[in-house]
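Summary of the model geometry
Here is how the chains run, residue by residue.
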Amino acid sequence: ENAYLSTCPILTQAFVYGNPFKNYLVGVVGVDVPAMKKSIERDEIHFRGIHSNSSYYEAFQKLKSLLGSNSEKDELELLKLINSHTFLKKTILNFLNKQIQDISKSEGKKLLQSFEKIHNLYLAVNPLTIENNLITPTFKVKRNVCGEYFKDRLDLLYDEGSLIKDDRAAKL
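Now for a quick tour of the structure. Because the structure is a prediction, the values reported are computed rather than measured. (Residues numbered from 1 in each chain as written. Predicted model: local features only at pLDDT ≥ 70, side-chain atom pairs only at ≥ 80, totals over all residues. Heavy atoms only, no water.)

**Comments concerning the packing of aromatic side chains**
According to the stated counting rule, one finds eight aromatic pairs in the structure shown. With a centroid separation of 6.2 Å and an interplanar angle of 40°, the aromatic rings of Phe15 and Tyr17 are classed as tilted. Exposure remark for Tyr17: the relative accessible area of 26% places this residue in the partly exposed category. With a centroid separation of 4.2 Å and an interplanar angle of 10°, the aromatic rings of Tyr56 and Phe87 are classed as stacked. Of the two residues, Tyr56 is situated in helix H3 (residues 54–67) and Phe87 in helix H5 (residues 86–107); the sequence distance between them amounts to 31 residues. One aromatic cluster is present, formed by Phe15, Tyr17, Tyr24, Tyr149, Phe150 and Tyr158 through successive ring pairs. Geometry around Tyr122 places Arg153 over its ring, the cationic atom sitting 3.9 Å from the centre. (Phe/Tyr/Trp six-rings, centres within 6.5 Å; stacked < 30°, edge-to-face > 60°. Buried < 20%, exposed > 50% of the residue type's maximum accessible area, 1.4 Å probe, protein only. Helix = DSSP H or I, 4+ residues; strand = E, 2+ residues; numbered from the N terminus. Lys NZ or Arg CZ within 6 Å of the ring centre and 35° of its normal.)

Here is the structure:
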């Protein structure tokens, strides 16, 4: 969690979860939507291969149409769009993991081992709140409470599968 929060300027919160019966992690992250939109507009978040698939292209066009709006409703719509399209979500996840990789290279040390990386995620504006009893007044994540609170969401992320696993290894 700390590695993602300290290296990824678009993240404001993170809850990383590992199901003991799965071999990868998933996460629920809070996003600074204006910062994410700027990163997309500056092409820091690279959406590659959008022309190879019509559903990718349609989702990307919808995403681009939401970038210019600053309304809270459109920001929530943008996150809903990203969460509902694997291609968009995978692109954001690759950006987050690349941020960690770039900082690791510049510092000459690995911040995360490969098994510590998030493989699927859910993006929201402020998912962890004191009011929901998910964090303490000092903003520490209550892991057990979050696990219960987000159980259905976490199960859906695991059902969707890893977005970064290399499928070639499974075919060998």
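**So, the sheet that holds strand S3 (residues 118–124)**
Pairing is mixed across the open sheet formed by three strands, whose spatial order is S1-S2-S3. The open sheet is flanked by strand S1 (11–18) and S3, the only strands paired with a single partner. Strand after strand, the sheet turns through a mean of 25° between neighbouring axes, direction not considered. As paired strands, S1 and strand S2 (residues 25–31) are joined by seven bridges and run antiparallel to one another. Bridge pairing in S2 places Phe15 opposite Val28. Helix H7 (residues 151–160) contacts S1, S2 and S3 of the sheet and is inclined by roughly 120° relative to S2. (Pairing = 2+ DSSP bridges. Axes fitted to C-alpha atoms, helices over the stretch in contact; angles between N-to-C directions. Contact = heavy atoms within 4.5 Å.)

**Notes on the pairing of S3**
Among the seven residues in S3, six count as buried, and that is most of the element. In the sheet, S2 pairs with S3 via six bridges, with the strands oriented parallel. Residue Val28 lies in a different strand from S3, and its bridge partner there is Tyr122.

**Quick notes on unusual backbone geometry**
In the Ramachandran plot, Asp43 falls in the positive-phi region, its phi being about 60° despite a non-glycine side chain. Here Asp43 lies in the loop between helix H2 (33–41) and H3. We classify Asp43 as partly exposed; its relative accessible area is 44%. Its identity is not glycine, yet Phe139 carries a phi of approximately 70°, on the positive side. Relative to the helices and strands, Phe139 resides in the loop between S3 and helix H6 (143–149). Since its relative accessible area comes to 61%, Phe139 is described here as exposed.

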